[in-house]
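Structural features, examined
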Amino acid sequence: MKAASDPELQQHQRILRLHRFDLGRRDFFKVLGGGLVVCVASGRLAAQESGDGGRRQVSETLDSWLHIGETGQVTVFTGKVEVGQNIRTSLAQQVSEELRVPVSTITMVMGDTDLTPYDMGTFGSRSTPQMGTQLRKVAASARAVLTQMAAERWHTDEANLLAAEGTIRDPKSRRVISYADLTRGQKLTKVVFNDPPETSADKWKVAGTSTPKKNAQDFVTGAHKYVSDLSVPGMLFGKVVRPNAFHANLASCDGSQAEKMPGVTVVRDGDFVGVAAEDRGTAERAAAAVRAQWNAPAQPSESELFDYLKTHEQKEKDPDDEIIKGSVEEARVWAAKTLQQTYTVAYIAHVPLEPRAAVAEWKGSKLTVWTGTQRPFGVRSELAQAFHISEDDIRVIMPDTGSAYGGKHTGEAAVEAARLAKTAGKPVKLTWTREEEFTWAYFRPAGVIEVRSGVKDGTLAFWEFDNYNSGPSGMSTPYEVANQRVAFHPSDAPLRQGSYRSLAAAANHFARESHMDELAHELKMDPLEFRMKNLKDERLRAVFQAAADKFGWAKAKNSPSQGFGIAGGIEKGGRVATVAEVSISRGEVKVVRVAEAFDCGAVVNPQGLRNQIAGAVVQGLGGALFEAIHFENGRILNPHLAEYRVPRFSDAPQIDVVLVDRKDQPSMGAGETPLVGIAPAVANAIFNASGIRLRSMPLLARGLPSKAT
Amino acid sequence: MALTLLVNGKEHNLEVSPEEILLYVLRDRLDLTGAKYGCGEGQCGACTVLIDGSAVRSCRTQVSAAAGKKITTIEGLARGDTLHPVQKAFVQAEALQCGYCTPGMILSAVALLDHTPKPTGKQIVRYMDGNICRCGTYERIIEAVRFAATFSRSKHESGV
């Protein structure tokens, strides 16, 4: 379990329980009809299985599977979910590639705890490297099984046969049989324990191409049902009565006025208060009629945030949170020049355009919840804990959601809707308002990052990097420096915080790549030249060069109204470099152009990848320039889009993307890494134009200062 | 009060209170869920519908104000299986990621192209700036609007 040992994930994923799949194979055929089910057991489980004397508990040991039906329809089951990152399409492409079937014949069943294998969640850019690999394996295995079946039927050798377009062919005898004909009337389950040979990326025909988004038509016609669009018969509308501040206790509650309204159920359970009613308007009126008194403790405010984070360091530390190489102390003596700076990042919100939503339905002791989450199995655990029931009695279903960006790892709306439904005795739909989403979800951690460095002859002599609270992701430097100390210091955070697209890598790259720029300036070196002089990683060097070439870095001439900045790094196995151009007019800063080169190994879907990169650049610009959560004494001061600015059309720069397609390298996730370079590239560009060094994200919280600091 | 809503060419006789919000009448009563809630304050454009051809924020529109007028939601834009040129352009340009803003984007673009058939890039940005795509698909959406503008209007009578 590589993921479980990742400190950042441990920090943010509080529920890491493995659950075993328990859908028997008979259920499979009941759901899908006859045909062939091919399953692949993971290495660990396969090892266990092989020592099991041949007694194989098929239902409990599998990581992924697919079903080929009697009509040739392929159904693939994965616990991953679609949040707009196009993984439904790119995973289908990989199955198509190995199974040799058209993408159109593939149905992806995703994120349904009753139907799909356990999956920890869709985050950390793991879907492509892990699930993609796994599904290619299961598809290649299925192809091998089908080939074997055809060989047996024709009394020939498998080596004489080939698979193409959903058929097995014998080129010599010109016999052809479709997968559908091979599997018709069968109820076959094949478990594959060994690694089948995979098609290498340079031979890909479907993977690696811009296959159109699978269900695009449903999105442009309004046919796609997000959770907030769902309804089930007899469904009520829920509304939660929220406390007036974080960590508040319910002192008293009078729901009698609300209860007098027709069809209204008022639920009080501990500090939870909510209502359910037959329509939305009544639910809102009933919630407003509940008289609740809250006692909230005094809490830290934004004005003291960064001092607070530094002075409230947690005592317990993970040994992985500190990297020490060589001797910083010795290098400090011989370094020709030293520099010390502090960088900060604010709390920001994910602002998924679809706020949290859930529909919960109890049937006896069985609970079904539809909700938008990146962790359906995690939400199932939350529900099991909340209601003291077995996970076996809970089904969580996740229709493709109105995005998440790391912000929907938890199941608040699911638990709330289920609680209301339990008392009301009817299904309940609960959709959070934008204000609730801004207030009661969680935030990207704020942080303070202190960097001390030394250089000699244009090379890094030592590097010290202390990150308070924002997280360890992406904190180790890709540059060559023999003497370094890099540490993450978790703090008692004043706000509820959690995962966010790219995790802390955005903050750590902001600090590191701003500081590298400051060093280059001190040394009067070109920022790109200084980076290259201190960089050995060939792939990162290549993307830096590619971004610089695309942009025309060598010819870029700055002026007080025009500046250019570069930044890059290695994150989640990908390499990214970003060049930004800003224009400054009467103190107004605008990012006009961005060139970004990205190497995430072998590209699975160029069109989808370009969308992810442009999206990451735009989203990253929000956090870089103006997004910040303002808070005071346990209350969010700007919980509306009118007060919390997110990037709009007019903020979007021209974005020139260079895909460095490394077919010799494994495909890595691409949703997060393209975001990490934008903030430092912009900060460096602002400095390049104005001489003003901005070390706090968002850079333009108070506009552009009038003089250098 | 009783009123008649004319949505996608169909009459709906409803008993409502006049201050009810159009977005929720469409979504909760008529099961036309294409118009989305994004903010409830007219800031994001996810709830955009067309009223007599103009793009309107349905989350800020009282149902009484829409009575008797021609309302078009995303569900009413295609003609049978034939997508509206703007819908087609969004698919072809793959101008969406999570897709939640897409209905509002498409209807805003339809309204724009209705009065400005050949918009410049600046006109597109200015007109569409009230619609948020949190996934950041802005370049592609601009491309899709431009693309749609090149389709011959005679090929599809949008009826809005």
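Residues numbered from 1 in each chain as written. Chains lettered and ligands numbered in written order. Predicted model: local features only at pLDDT ≥ 70, side-chain atom pairs only at ≥ 80, totals over all residues.

**Some words on the packing of helix 15 (residues 505–522) of chain A against helix 19 (residues 678–690) of chain A**
Residue and element names in this part refer to chain A. Worth spelling out the cut-off: To get an axis, a line is fitted to the C-alpha atoms, and for a helix only the part in contact is used. The angle between two axes follows their N-to-C directions and goes from 0 to 180 degrees. Where helices and strands are cited, they refer to DSSP runs of H or I of at least four residues and of E of at least two residues respectively, numbered from the N terminus. Relative orientations are named as follows: roughly parallel for angles under 35 degrees, roughly antiparallel for angles over 145 degrees, roughly perpendicular for angles from 65 to 115 degrees, and oblique for any other angle. Working rule for handedness: look at the near helix, and if it is turned counterclockwise from the far one by less than a right angle, call the crossing left-handed; if clockwise, right-handed. A residue pair is marked as a contact if its C-beta atoms, positioned from the backbone, fall within 7 Å.
The interhelical angle for the contact between helix 15 and helix 19, taken along N-to-C directions, is 30°, at an axis separation of 8 Å. In this view, helix 15 runs roughly parallel relative to helix 19, as classed from their interaxial angle. Every pair of crossing elements has a handedness; the one defined by helix 15 and helix 19 is right-handed. For the pair helix 15 and helix 19, contact is made by Ala506, His509, Phe510, Glu513, Ser514 and Asp517 and by Ala679, Pro680, Ala683, Asn684 and Phe687, respectively.

**Comments concerning the interface of chain A and chain B**
The cut-off we apply is this: When residue character is reported, Ala, Val, Leu, Ile, Met, Phe, Trp, Tyr, Cys and Pro are called nonpolar, Asp, Glu, Lys and Arg charged, and the others, Gly included, polar.
Between chain A and chain B, the contact holds 45 residues from the first and 43 residues from the second. Contributing elements (two or more residues each) for the side of chain A that touches chain B: helix 7 (216–221), helix 9 (280–289) and helix 18 (606–625) of chain A. In terms of residue count, helix 18 of chain A provides more of the side of chain A that touches chain B than any other element does, seven residues in total. Residue classes in the side of chain A that touches chain B are distributed as 19 nonpolar, 18 polar and eight charged.

**Things to note about helix 12 (residues 376–387) of chain A**
All names here are of chain A. To keep it simple, the criterion reads: To estimate how far a helix should reach, multiply one less than its number of residues by 1.5 Å. With C-beta atoms placed from the backbone, a residue counts as buried when 20 or more other C-beta atoms lie within 10 Å of its own, as exposed when 12 or fewer do, and as partly exposed for counts between those limits.
The end-to-end C-alpha distance of helix 12, which contains twelve residues, comes to 16 Å, matching closely the 16 Å that a straight helix rising 1.5 Å per residue would cover. Those residues of helix 12 that sit buried are Pro376, Phe377, Gly378, Val379, Arg380, Ser381, Glu382 and Leu383. Those residues of helix 12 hidden inside the fold are in contact with strand 17 (366–371), strand 18 (394–397) and helix 13 (412–424).

**Some details on the sheet that holds strand 11 (residues 265–269) of chain A**
Residue and element names in this part refer to chain A. In plain terms, the rule: In this analysis, strands are considered paired if DSSP registers two or more bridges between them.
Strand order in this open sheet of seven strands is 11-12-9-19-16-17-18, and the pairing throughout is mixed. One side of each edge strand has no neighbouring strand; the edge strands of this open sheet are strand 11 and strand 18. Adjacent strand axes in the sheet meet at a mean angle of 20° when their direction is disregarded. Examined bridge by bridge, strand 9 (residues 236–240) and strand 12 (residues 272–277) share four bridges and lie antiparallel to one another. Note that in strand 12 the partner of glycine 238 across the bridge is alanine 276. Strands strand 9 and strand 12 of the sheet are contacted by helix 9, whose axis makes an angle of about 145° with strand 12. Sheet contacts for helix 13: strand 9, strand 11, strand 12, strand 16 (357–363), strand 17 and strand 19 (428–431); angle to strand 16, the most-contacted strand, approximately 40°.

**Quick notes on the domain arrangement of chain B**
Residues and elements named next belong to chain B. Basically, it comes down to this: Either an automatic procedure or a domain database provided the assignment from which the domain bounds are taken.
On domain assignment, one finds that chain B holds domain 1 (2–76) and domain 2 (85–155). A separation of 21 Å is found between the C-alpha centroids of domain 1 and domain 2. Contacts between the two partners involve 14 residues from domain 1 and, on the opposite side, 13 residues from domain 2. Put simply, the parts of the chain that give the side of domain 1 that touches domain 2 at least two residues each are strand 3 (48–51) and strand 4 (54–57). Of the residues forming the side of domain 1 that touches domain 2, the biggest block, three residues, is contributed by strand 3. In the side of domain 1 that touches domain 2, the residues fall into eight nonpolar, five polar and one charged.

**As for the confidence of the model for chain A**
All names here are of chain A. So the rule is basically this: A residue's pLDDT is simply how confident the predictor is in it, with values from 0 to 100.
Residues at a pLDDT of 70 or more form 92% of chain A, whose mean pLDDT is 91. Every residue in residues 1–26 is under pLDDT 50, and counting partners more than four places away or in other chains gives 47 contacts. pLDDT under 50 marks residues 43–61. Its contacts with residues more than four places away, or in other chains, come to 22 contacts.

**What about the domain arrangement of chain A?**
All names here are of chain A. If you check the domain split of chain A, you get domain 1 (3–221), domain 2 (230–294 + 361–431) and domain 3 (312–347 + 443–697). Just the C-alpha atoms count here: the centres of domain 2 and domain 3 sit 39 Å apart. Contacts between domain 2 and domain 3 engage seven residues on the former and eight residues on the latter.

**Things to note about the pairing of strand 4 (residues 106–110) of chain A**
All names here are of chain A. Short version of the rule: With its strands directed away from the observer, a crossover is right-handed exactly when the path from the first strand over the helix to the second travels clockwise.
Burial along strand 4 is one-sided: Ile106, Met108 and Met110 are buried, while Thr107 and Val109, pointing the other way, are not. Inspection of the sheet shows strand 3 (residues 74–78) paired to strand 4 by five bridges, in the parallel sense. In the strand pairing of strand 4, valine 74 is matched with isoleucine 106. Taking the sense of rotation as the criterion, the β-α-β connection linking strand 3, helix 4 (residues 87–99) and strand 4 turns out right-handed.

**Description of the sheet that holds strand 20 (residues 447–456) of chain A**
Residues and elements named next belong to chain A. Taken in spatial order, the six strands of this open sheet run 14-22-21-20-15-29, and their pairing is mixed. Each edge of the sheet is formed by a strand with only one pairing partner; in this case those strands are strand 14 (322–325) and strand 29 (696–697). Summarising the sheet, strand 21 (residues 459–468) and strand 22 (residues 483–489) pair through seven bridges and their orientation is parallel. Bridge pairing in strand 22 places tryptophan 463 opposite glutamine 484. Sheet contacts for helix 15: strand 15 (337–345), strand 20, strand 21 and strand 29; angle to strand 15, the most-contacted strand, approximately 150°.

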